[in-house]
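Okay, here's what each chain looks like letter by letter:
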Amino acid sequence: MEAEQTKAIYNDEDAARAHLESILWPYGAVCPICGVVGEATLMKGKSHRKGVYNCKPCDKPFTVTVGTVFESSHIPLHKWVYGMHLMSASKKGISALQLQRVLGLGSYRTAWFMSHRLREALRATDQDPIGGEGKVVEADETYYLKVKEPSTVNAQGLPYKKKGRGPANKRPIVALVERGGQVRAFHVGNVDRATVTQLLVENIHHESRLHTDESRLYTGAEQHFVTHETMKHSASEYARGDVNTNSAEGFFGVFKKGMTGVYQHCSEKHLSRYVDEFAFRHNYRVKLGFNDQQRAEIGIKGSAGKRLTYRRTGERQGAEA
Ligand SMILES: [Zn+2]
């Protein structure tokens, strides 16, 4: 990371702005008001802020950050660009405290807002289903942290024997992982068969081979895919042939290591954001042909159309997230 830090886009405001413009406006400046491309003039002279364009058709001024998660921020753009690099390149994530320290931000609060805006940029939208003909998709669920009001019944609607322990008490996350490919991960309010079935159908190509454990959550899934193969968790049959959920477990492993080692605290309200962050890095990992620079550029692309505003009144951010 040492050599990376000296790059102009991480240190110089003009270079950082040009970097954002090249990624967000590959065909010329896009007017956020009328949508016209390449019809704006850069305003020059001391009376204008740097990077202000004026749209010829609608005669309105704008900059590259309008409509992005960087809009209306007092943090310099080069710090945003470096922050995006850090978040997209750090396998287990980067805490707000670490962002504050490395970027020299004025307060923890500023760093906290920045980290959530970066995460919003990484959130995928309009994703294609994973899998396809001859491909294996693994589905698995895990539980992370506790919920305020534990459920009294399990996924089959039966009462838990030990109240307030085990999955009843925790926040479920479902991951669908194409073996050797991308992940689709979801924090769901409740894991029940209907919820899981809907996730499977909406996010996995129907010509895929589905691998799961023998949980009843996946009963009936064979109707929706070419095959549905299950593996037993009992020792001897842990992985039968190539039937396993190792990729999904690997994703959960990285997620949990990051959440406990880097983020430490996370309210249920924000859990989905962290799930999305880890899914982003998984989907653009080195093994799939993406280097740190390309991953960060995809993150910057994702900053558009997602202006994020937090209510200023009554908000509380004591802990990380
Ligand atoms: Zn315009």
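Residues numbered from 1 in each chain as written. Predicted model: local features only at pLDDT ≥ 70, side-chain atom pairs only at ≥ 80, totals over all residues. Heavy atoms only, no water.

1. Overview of the overall build of the chain
What the chain contains, in helices and strands, is 8 helices and 8 strands. Scored against the burial criterion, the 321 residues of the chain give a buried share of 44%. Counting contacts in the chain only where the partners sit at least 6 residues apart, residues at least 24 apart contribute 63% of the total. For the chain, the accessible area works out to roughly 16700 Å², and carbon and sulfur atoms hold 50% of it. (Helix = DSSP H or I, 4+ residues; strand = E, 2+ residues; numbered from the N terminus. Buried < 20%, exposed > 50% of the residue type's maximum accessible area, 1.4 Å probe, protein only. Contact = heavy atoms within 4.5 Å. Areas by Shrake-Rupley, 256 points an atom, 1.4 Å probe, with all protein chains shown as cover.)

2. A closer look at the coordination of the zinc ion
For the zinc ion, every protein donor is listed as C31 (SG), C34 (SG), C55 (SG) and C58 (SG), and the spread of their distances is 2.2 to 2.3 Å. Because the angles between the 4 donor atoms bound to the zinc ion fall within 103 to 124°, the donor set is best described as tetrahedral. Sequence spacing of the donors to the zinc ion: C-x2-C-x20-C-x2-C. Residue C34 is found in the loop between α1 (13-24) and β1 (40-42), and its partner C55 is found in strand β2 (residues 53-55); the two are separated by 21 residues along the sequence. (Donors = N, O, S within 2.8 Å, 3.2 Å for Na, K, Ca; no water. Tetrahedral: all angles 85-135°; square planar, octahedral: opposite > 155°, others 65-115°.)

3. A word on the side chain of N54
For N54, the location among the structural elements is in strand β2. Judged by relative accessible area, which is 14%, N54 ranks as buried. For N54, the residues in contact, after removing those within four places along its chain, are E39, A40, T41, M43, D59, K60, P61 and F62.

4. A look at the sheet that holds β2
Read across the sheet, 3 strands follow the order β1-β2-β3 without closing on themselves; strand pairing throughout is antiparallel. Two strands bound the open sheet, and with one partner strand each, they are β1 and β3 (61-62). With 2 bridges joining them, β2 and β3 adopt antiparallel strand pairing. Pairing of N54 across the sheet is with P61, part of β3. (Pairing = 2+ DSSP bridges.)

5. Things to note about the packing of aromatic side chains
Counted by the stated rule, this structure contains 13 aromatic pairs. Considering the side-chain rings of W25 and Y53, the 5.2 Å spacing of their centres and the 90° angle between planes classify their relative orientation as edge-to-face. Residue W25 is found in the loop between α1 and β1, and its partner Y53 is found in strand β2; the two are separated by 28 residues along the sequence. As far as burial versus exposure is concerned, W25 and Y53 are alike and both buried. Between W112 and F113 the ring centres are 5.4 Å apart and the planes differ by 90°, which places this aromatic pair in the edge-to-face class. The burial state of W112 is the same as that of F113; both residues are buried. (Phe/Tyr/Trp six-rings, centres within 6.5 Å; stacked < 30°, edge-to-face > 60°.)

6. A few points about the nonpolar core
Of all hydrophobic cores here, the largest spans 57 residues; its most connected members are M114, F251, F255, M259 and L271. Looking at which domains feed residues into this core, each of domain 1 (4-122) and domain 2 (136-265) gives three or more. Non-local contacts of L271, meaning those with residues more than four positions away in its chain, are made with Y144, R171, I173, H187, F255, M259 and C266. The next biggest cluster of nonpolar side chains, apart from the first, holds 16 residues, and it includes V137, V188, V196 and F225. (Core = buried A, V, L, I, M, F, W, Y, C linked by side-chain atoms within 4.5 Å. Domains from an automatic or database assignment.)

7. Looking at the confidence of the model for the chain
Averaged over all residues, the pLDDT of the chain equals 88, while 85% of them reach at least 70. Low confidence marks residues 310-321, where pLDDT is under 50. Its contacts with residues over four positions away, or in another chain, come to 34 contacts. (pLDDT = per-residue confidence, 0-100.)

8. Here's the deal with the pattern of salt bridges
This model, assessed by the stated rule, comprises 11 salt bridges. Between R281 and E277 there is a salt bridge whose closest N-O contact spans 2.7 Å. Pair noted here: R281 and E277 are both in helix α7 (residues 268-283), with a separation of 4 residues, about one helical turn. Among the residues examined, R281 registers a relative accessible area of 7% and is labelled buried. The residue R295 makes a salt bridge to D292 at a minimum N-O spacing of 2.9 Å. Placement of the pair is R295 and D292 together in helix α8 (residues 292-301), with a separation of 3 residues, close to one helical turn. (Salt bridge = Lys/Arg side-chain N within 4 Å of Asp/Glu carboxyl O.)

9. Structural notes on the side chain of S303
When you line up the elements, S303 lands in the segment after α8. Contacts of S303, omitting those with residues within four sequence positions, involve L24, G67, T68, V69, F70 and A121.

10. What about the pairing of strand β6 (residues 183-187)?
Regular strands show a simple pattern: their side chains alternate between the two faces of the sheet. Across the 5 residues of β6, 4 count as buried, placing the element largely inside the fold. Where strand β5 (residues 170-178) meets β6, 5 bridges bridge the pair, whose relative direction is antiparallel. Paired with L176 across the two strands is R184, which belongs to β6. The hairpin turn running from β5 into β6, its antiparallel successor, is 4 residues long, and G180 in that turn takes a positive phi close to 75°.

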